[in-house]
Amino acid sequence: MKVQHVLNCAFSSWFPAFKNLSPQSFIIPLPKQFVDYLKADRVFLPEGSGQIQPKGREDAESDDEDYFDDDYEWNSTHDENRVPDFPELDKKIRSCIEELDGEVFPKLNWSSPKDAFWISFSKTLRCTCPADIYLLLKSSDFVTHDLTSPFEYCEDAECNRPELEYNLILRRWVNIHPGSEFRCFVKNGALLAICQRHDSEYYGFIEQNLESIKTDITTFFKQRIASQFVLKEYVFDVYRKRQGKIVLLDFNPFGPVTDSLMFDWSELLSDHPFQKSSTDVEGSEDVQQLPVFRYIRESESAMKPNPYAYYALPKDFVDLSLGTDPYKLVDFLKLQNSKMKNEESDEEK
């Protein structure tokens, strides 16, 4: 995977050519000051970014007030220690939200803040004002990766680091059934594999309509995507609204930076993928007929946690459970030892 592959999958690169196949969206260039705000530590919201108060409401406090930290020093180079504000950006966002019927789905150049869904009141990425968007972006590790390490897996990253311009993408909010989203993998210009996008649950209608789903996606790829997209290797996500109706959601680089879901990148990157594999068609020992389709079968269904629930845990808890920070583990053991000694001392008394 190369830097140019990642750049070609940025939303602003592909959307103009495919906007008729995808939900209505607006692209808003982000000023450097706002990008710096997203990179800054701690979550706080800019002044004036919340819901606009109805006219005539007296003695009403700002909706943003509870989010502010009066002691926070935004930038040591600033003369005033105050929470920043972005009135021009707020105005553009409010205008786009109004144009998109009051509800939007936000993302940056590549990633949406889907790992931060837990922090929103609705437990979704549905946003109705700038504050909703800022809170999700500030709380997302995926967005931070866009800002700090977009070319992490690129073989030419050291010698080819372009100056990036970041955009806020606002997409019309669409209530999508999670079982109707699919991730598709394209290699050497051919549709190699398909799998359900949300792979933590069993959806009976996928198994019941397997062939028609596969046919719809394959036809959509051949007629609308294959000859139009600039790369020969990439990943794209679609929403099957109904039989015969496919909606394009996104493009992603073909490599480890993209979640391979029900596949392994080792098999996808192999020179001869899916040869002598019996995992997809019972009794098959030959090369699989492409594209290979993987989904959760009823026999495999079980209660699985939301894959993004991990991000809702405090980092200290995660470090302790995974053993990634030995110092925290030592401190925890010392605390437990001290607690046991205190209990023993109380019993002796």
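Residues numbered from 1 in each chain as written. Predicted model: local features only at pLDDT ≥ 70, side-chain atom pairs only at ≥ 80, totals over all residues. Heavy atoms only, no water.

Quick look at the overall build of the protein now. Scanning the protein from N- to C-terminus turns up 11 helices and eight strands. Within the protein, the proportion of its 349 residues that are buried is 43%. Nonlocal contacts in the protein, meaning residues at least 24 apart in sequence, comprise 70% of its contacts between residues at least 6 apart. As displayed, the protein offers around 20300 Å² of accessible surface, 47% of which is attributable to carbon and sulfur atoms. (Helix = DSSP H or I, 4+ residues; strand = E, 2+ residues; numbered from the N terminus. Buried < 20%, exposed > 50% of the residue type's maximum accessible area, 1.4 Å probe, protein only. Contact = heavy atoms within 4.5 Å. Areas by Shrake-Rupley, 256 points an atom, 1.4 Å probe, with all protein chains shown as cover.)

Averaged over every residue, the pLDDT of the protein is 82; the share at 70 or more is 73%. Ignoring residues within four places in sequence, the model shows residues 76-80, a span with pLDDT below 50, making one contact including any to other chains. Low pLDDT (under 50) marks residues 281-286, which in the prediction has seven contacts with non-local residues, meaning those over four places away or in another chain. (pLDDT = per-residue confidence, 0-100.)

Before going further, it helps to spend a moment on the packing of aromatic side chains. Within this structure, the stated rule accounts for 26 aromatic pairs. Here the aromatic residues F11, W14, F15, F18, F221, F229, Y234, F236 and F251 are joined through ring pairs into a cluster of three or more. The lysine or arginine in question, K138, covers the ring of Y37, its NZ or CZ lying 4.9 Å from the ring centre. In this structure, R297 is placed above the aromatic ring of Y295, and the distance from its NZ or CZ to the ring centre is 4.7 Å. (Phe/Tyr/Trp six-rings, centres within 6.5 Å; stacked < 30°, edge-to-face > 60°. Lys NZ or Arg CZ within 6 Å of the ring centre and 35° of its normal.)

Here three strands make up an open sheet; going across it, the order is β1-β3-β2 and the pairing antiparallel. Looking at the sheet topology across the chains shown, the edges are occupied by β1 (25-29) and β2 (104-107). Put simply, the sheet's adjacent strands are angled 20 degrees from each other on average, direction ignored. Direction of pairing for β1 relative to strand β3 (residues 167-172): antiparallel, over a ladder of five bridges. Considered in β3, the bridge of P29 is made with N167. Strand contacts of helix α2 (residues 11-18): β1, β2 and β3, with the helix running at about 40 degrees to β3, the strand carrying the most contacts. (Pairing = 2+ DSSP bridges. Axes fitted to C-alpha atoms, helices over the stretch in contact; angles between N-to-C directions.)

Moving on, we get to the side chain of K138. Tracing the backbone shows K138 in helix α5 (residues 130-138). This buried residue, K138, is left without a salt bridge; D41 holds the nearest opposite charge, at 7.0 Å. Within the local environment of K138, its side chain forms a polar contact with the backbone oxygen of A40, the two atoms lying 2.7 Å apart. Those residues in contact with K138 that lie beyond four places of it in its chain are Y37, L38, A40, D41, R42, V43 and F44. (Lys, Arg positive; Asp, Glu negative; His and termini not counted. Salt bridge = Lys/Arg side-chain N within 4 Å of Asp/Glu carboxyl O. Polar contact = N/O pair within 3.5 Å; in protein donor to acceptor, adjacent residues only side chain to side chain.)

Moving on to helix α4 (residues 87-99). Over its 13 residues, α4 runs 18 Å from end to end, which matches the ideal 18 Å to within 8%, given 1.5 Å per residue. Among the residues of α4, L89, D90, I93, C96 and I97 are the ones counted as buried. Along α4, the residues classed as buried sweep out an arc of 130 degrees about the axis, all on the same side. Turned more than 90 degrees away from the buried face of α4 sit P87, E88, K91 and E98, all of them exposed. Downstream of α4 by a residue or two, D101 has a phi angle that is positive, lying close to 65 degrees. (Expected span 1.5 Å × (residues − 1). Arc of directions from axis to C-beta.)

To continue, consider helix α8 (residues 210-225). Counted at 1.5 Å a residue, the expected span for α8 with its 16 residues is 22 Å, and the 21 Å between its end C-alpha atoms agrees. Listing the buried residues of α8 in full gives L210, S212, I213, K214, D216, I217, T218, F220, F221 and I225.

Once that is clear, we can look at the packing of helix α3 (residues 32-39) against α5. Between α3 and α5, the least distance of the axes is 9 Å, while the angle of their chain directions is 55 degrees. Considered as vectors, α3 and α5 are oriented oblique to each other. Residues F34, Y37 and L38 of α3 touch α5, and the partners they reach there are Y134, L137 and K138. Considered class by class, the residues forming the contact of α3 with α5 number five nonpolar, no polar and one charged. (Parallel < 35°, antiparallel > 145°, perpendicular 65-115°, else oblique. Nonpolar A, V, L, I, M, F, W, Y, C, P; charged D, E, K, R; others polar.)

Next up on the list: unusual backbone geometry. A cis amide bond, omega 0 degrees, links L290 with the succeeding residue P291. As for its position among the elements, P291 is in the loop between α9 (265-268) and β8 (292-294). Even without glycine at this site, K123 takes up a positive phi of about 60 degrees. By secondary structure assignment, the location of K123 is in the loop between β2 and α5. Of note in the backbone geometry, N188 takes a positive phi value of approximately 55 degrees without being a glycine. Mapped onto the elements, N188 comes out in the loop between β4 (181-187) and β5 (190-196).

So, about the side chain of S111. Structurally, S111 is set in the loop between β2 and α5. Looking at S111, the relative accessible area reads 17%, which means it is buried.

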